[in-house]
Amino acid sequence: MFFIKILKRIKYLLFFTIFVGELMSSSSLPKYYTKTLKNGLQIVAIPMDNGSNVISTDIFYDVGSKDEKMGKSGIAHMLEHLNFKSSKNLKAGEFDEIVKGFGGVNNASTSFDFTHYYIKSSSKNMAKSLELFAELMQNLTLKDEEFQPERDVVAEERRWRTDNNPMGYMQFRLFNNAYIYHPYHWTPIGFMNDIKNWSIKDIRDFHSTFYQPKNAVVVVAGDIKKEEVFDQAEKYFKNIENKKDIVRQSYTVEPKQDGPKRVIINRDTQVEMITIAYHIPNYEDKDQVALSALSELLSSGKSSLLQKILVDEKKLVNSVYAYNIELKDPGLFLFSAVCNEGIKAKDVEKEILKIIKLVKDGDVSKKDIEKIKINTKADFIFSLESSTSVASILGSYFVRGNIKPLFEYESDLDKLKKEDIINVAKKYLTKDNSTTVILKKQK
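What you see is a predicted model, and the numbers here were worked out from it, not measured in a lab.

Draft legend 1. Expanded view of the overall build of the protein chain. Along the backbone of the protein chain there are 15 helices and 12 strands. The globule rule puts the C-alpha radius of gyration for 443 residues at 22 Å, and the 23 Å found for the protein chain is close to it. The principal-axis extents of the C-alpha atoms in the protein chain amount to approximately 60 × 55 × 40 Å. Nonlocal contacts in the protein chain, meaning residues at least 24 apart in sequence, comprise 81% of its contacts between residues at least 6 apart. Summing over all exposed atoms, the protein chain offers an accessible surface of approximately 20,000 Å²; the carbon and sulfur share of this is 50%. In the protein chain, 66 positive and 60 negative side-chain charges are present, and the distance between their average locations comes to 3 Å.

Following this line, the structure appears as structure tokens:
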């Protein structure tokens, strides 16, 4: 999934200062420590001291598909692929071989708002992991002979995930219609014609602009000491210079929608599908806790409203979910369903709207709310047992520049009331704020 949370970069008044994260007693999040180098690179150390001898070494760049220009969509994702090709001191594929050689696992992802790379390994391999990431930041060669075949790989990924995948294509077309002015208009994979028309110069310009120390956050979480993290990160990154000013494109904040949008798509599909989206605030907004709880009420588990009514009782759909997409700029609250054979998407739409009305009318019990609180907090705490998950969660907030919502999450969840869920449903799930995309069999 490319739907992840995002914020503005935190400004520090002093270089080389260490900041200890002061956590509320109610928070289950581990303590973190930060240090910012003179070149602007932010380092975050999260010692978990769990005796596992396992760490996650991550680097986040404050660049995603929203930083692309129309006509050059998908470049952030393309650069993620090329980041594992040759550098001044590494041959193409050698990064993966080295990581595999010391028993590590590495991967990467591109979202609307940022790009994330990680290596999971034993604690003793932290220094080597940091050295590898520093090498890619400053010495990536970006050769045209490596770029051209990788472009074909990305084009095939676009066909597999989007063009030849009915659900993927419907979601892509949803964003094309829900956002008209904002670069969320395209998803990180980009448009196929853009993929075919990039030049290696486009890729090099994008890399030199955004892959700089002042635009990156290094996060190390797990069985490690903070002093080791700071010492090794400074050793490998302190001499990397920022090459240019970061000039981000100007774009229009998506204006308030003034009426419902409806799109019918004809594709090669055996069953009909439907997606309904509503505009919501960005990830920093106080309504986010209630919106996330609403998605849990609607589609988490067998007792959720959508599952119980649409799947079990009326047998209208094969799968259905509601998802709260928290983004750096205002996001979407999304319903998506795959109909059973012979079922019309418009009939499923009617049932989804009836369920929304049930919530708005207050057909939510206090027992439901308490169950959501317990399950959500349990899932959250469980995710903090893994160094990979901890680095990913905290890093995604650091790269967006505001970790406050994360550390207030548990206390805000404890305060959540039935009325809060009803109010956000009334406030955002309205007809004039909706974009509906129906995918039907091509005649």
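Draft legend 2. Quick peek at a positive patch on the surface. On the surface, a cluster of positive charge is made up of Lys346, Lys350, Lys440 and Lys443. With respect to the element layout, Lys346 can be found in helix 11 (residues 345–360). The class of Lys346 is partly exposed, set by a relative accessible area of 49%.

Draft legend 3. Focus on the pairing of strand 9 (residues 273–279). For strand 9, the tally of buried residues reaches 7 of 7 residues, placing the bulk of the element in the interior. Neither face of strand 9 is exposed, since Met273, Thr275, Ala277 and His279 on one face and Ile274, Ile276 and Tyr278 on the opposite face are all buried. Note: strand 9 against strand 11 (residues 332–339), 7 bridges, orientation antiparallel. Bridge pairing in strand 11 places Ile274 opposite Ala337.

Draft legend 4. Representation of unusual backbone geometry within the structure. The phi dihedral of Asn53 falls on the positive side, at around 60°, and the residue is not glycine. For Asn53, the position within the fold is in the loop between strand 3 (42–47) and strand 4 (54–61). Phi at Leu142 is positive, roughly 50°, even though this residue is not glycine. Within the secondary structure, Leu142 is located in the loop between helix 3 (126–139) and helix 4 (144–163).

Draft legend 5. The packing of helix 4 against helix 5 (residues 166–178), seen in detail. Their axes nearest at 6 Å, the elements helix 4 and helix 5 cross at an angle of 90°. Here helix 4 is positioned roughly perpendicular relative to helix 5, judged by the angle of their axes. For the pair helix 4 and helix 5, contact is made by Arg158, Arg161, Thr162 and Asp163 and by Gly168, Tyr169 and Phe172, respectively. For the contact of helix 4 with helix 5, the per-class residue count stands at 2 nonpolar, 2 polar and 3 charged.

Draft legend 6. Representation of helix 7 (residues 200–210) in the model. Among the 11 residues of helix 7, 8 are classified as buried, and the element is accordingly described as predominantly covered. Considered for burial, the residues of helix 7 that qualify are Ile200, Asp202, Ile203, Phe206, His207, Ser208, Thr209 and Phe210. Those residues of helix 7 that are buried lie in contact with strand 4, helix 1 (75–82), helix 3, helix 4 and helix 6 (192–197).

Draft legend 7. Inspection of the pattern of salt bridges at higher detail. Following the criterion strictly, the structure yields 25 salt bridges and no others. The closest approach of N and O atoms between Arg161 and Glu157, which form a salt bridge, is 3.2 Å. You can see Arg161 and its partner Glu157 sitting in helix 4, 4 residues apart, about one turn around the helix. Residue Arg161 is classed as partly exposed on the basis of its relative accessible area, which comes to 46%. Via salt bridges that share partners, Asp62, Lys66, Asp67, Arg248 and Lys328 belong to a single interconnected network.

Draft legend 8. Spotlight on the packing of aromatic side chains. Enumeration over the complete set of coordinates arrives at 20 aromatic pairs. For the ring pair Phe380 and Tyr409, a centre distance of 5.3 Å and an interplane angle of 55° mean the geometry is tilted. On the criterion of sequence distance, the pair formed by Phe380 in helix 12 (residues 366–383) and Tyr409 in helix 14 (residues 404–415) is long-range, its members being 29 residues apart. In terms of burial, Phe380 and Tyr409 fall into one category: buried. Among the aromatic residues, those joined into a ring-pair cluster are Tyr61, Phe84, Phe95, Tyr117, Phe133 and Tyr211. Over the ring of Tyr397 we find Arg400; its NZ or CZ atom is 4.5 Å from the centre of that ring.

About the thresholds
- Residues numbered from 1 in each chain as written.
- Predicted model: local features only at pLDDT ≥ 70, side-chain atom pairs only at ≥ 80, totals over all residues.
- Heavy atoms only, no water.
- Helix = DSSP H or I, 4+ residues; strand = E, 2+ residues; numbered from the N terminus.
- Rg over C-alpha atoms; globule rule 2.2 N^0.38 Å.
- Contact = heavy atoms within 4.5 Å.
- Areas by Shrake-Rupley, 256 points an atom, 1.4 Å probe, with all protein chains shown as cover.
- Lys, Arg positive; Asp, Glu negative; His and termini not counted.
- Charge placed at Lys NZ, Arg CZ, Asp CG, Glu CD.
- Patch = residues over 30% accessible without salt bridge, like charges linked within 9 Å, V, L, I, M, F, W, Y side chains within 5 Å.
- Salt bridge = Lys/Arg side-chain N within 4 Å of Asp/Glu carboxyl O.
- Buried < 20%, exposed > 50% of the residue type's maximum accessible area, 1.4 Å probe, protein only.
- Pairing = 2+ DSSP bridges.
- Axes fitted to C-alpha atoms, helices over the stretch in contact; angles between N-to-C directions.
- Parallel < 35°, antiparallel > 145°, perpendicular 65-115°, else oblique.
- Nonpolar A, V, L, I, M, F, W, Y, C, P; charged D, E, K, R; others polar.
- Phe/Tyr/Trp six-rings, centres within 6.5 Å; stacked < 30°, edge-to-face > 60°.
- Lys NZ or Arg CZ within 6 Å of the ring centre and 35° of its normal.

Remember, this is a structural readout, not a statement about activity or role.
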